[in-house]
Amino acid sequence: MSKELPFIVFCLEEYRKEKNMGGKAVIELFDCYDVCNYLKTFYEALHTTGTKYIVHDIDSYIQSRQAG
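Along each chain, numbering runs from 1 in the same order as the chain's sequence is written. For this predicted model, a pLDDT threshold of at least 70 governs which residues receive local features, and a threshold of 80 or more governs which side-chain atom pairs are given and counted, while totals over whole chains, interfaces and linings are taken from all residues. Where side-chain values are given, they derive from all heavy atoms of the structure, hydrogens and water being excluded.

Draft legend 1. Spatial organisation of the pattern of salt bridges. One side-chain nitrogen of Lys or Arg within 4 Å of one carboxyl oxygen of Asp or Glu is enough to make a salt bridge. All told, the structure shown has five salt bridges when counted by the stated rule. Close ionic contact of Glu14 with Lys17 constitutes a salt bridge, the shortest N to O distance being 3.1 Å. Of this pair, Glu14 and Lys17 both sit in helix H1 (residues 4-19), three residues apart, which is roughly one turn of the helix. Only protein chains enter the calculation, and the probe is 1.4 Å; a residue is then buried if its accessible area is under 20% of its type maximum, exposed if over 50%, and partly exposed in between. Taking the relative accessible area as the measure of exposure, Glu14 reaches 19% and is therefore buried. Among the ionic pairs, Glu18 bridges to Lys52, the shortest N-O distance being 3.5 Å. Taken together, the residues Glu18 in helix H1 and Lys52 in helix H5 (residues 51-67) connect sequence positions 34 residues apart. The exposed category is assigned to Lys52, whose relative accessible area is 63%. Only DSSP runs of H or I covering at least 4 residues are called helices, and only runs of E covering at least 2 are called strands; the numbering of each starts at the N terminus.

Below you can see the structure in the form of structure tokens.
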């Protein structure tokens with residue numbers, strides 16, 4: 001197992017809780033905007049930040065993908 005996988009699961013769960021969403025809905029959202037790949041790519045920078053920062057960063061990333 002890669003070191004990024006537990007982090008991605010953590011991010012998914014924290015995002016789900018913060019946004020009051022179901023797991024399936026978060027997975028579909030993450031799949032639609034390739035969030036898991038983003039989290040894997042920027043693991044080294046993100047895994048040392050706080051939960052609120054990560055959730056905000058994911059929101060920013062999704063918004064940037066929606067605009068593009």
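Draft legend 2. Focus on the environment of Tyr61. Within the secondary structure, Tyr61 sits in helix H5. In this structure Tyr61 comes out as buried when scored by relative accessible area, which is 14%. The sequence separation of Tyr61 and Tyr38 amounts to 23 residues, and the corresponding C-alpha distance is 8.4 Å. The contact definition used throughout considers only heavy atoms, calling two residues in contact when any of these lie within 4.5 Å. If sequence neighbours within four positions are ignored, Tyr61 has contacts with Tyr33, Asp34, Val35 and Tyr38.

Draft legend 3. Structural view of H1. Multiply 1.5 Å by the residue count of a helix minus one, and that product is the helix's expected span. The terminal C-alpha atoms of H1 lie 22 Å apart, and with 16 residues this matches the ideal 22 Å at 1.5 Å per residue to within 8%. Of the residues making up H1, those classed as buried are Glu4, Phe7, Ile8, Cys11, Leu12, Glu14 and Tyr15. The inward-facing, buried residues of H1 contact helix H2 (23-32), helix H3 (35-41), helix H4 (43-46) and H5. A positive backbone phi angle near 55° is found at Asn20, which sits one or two residues after H1.

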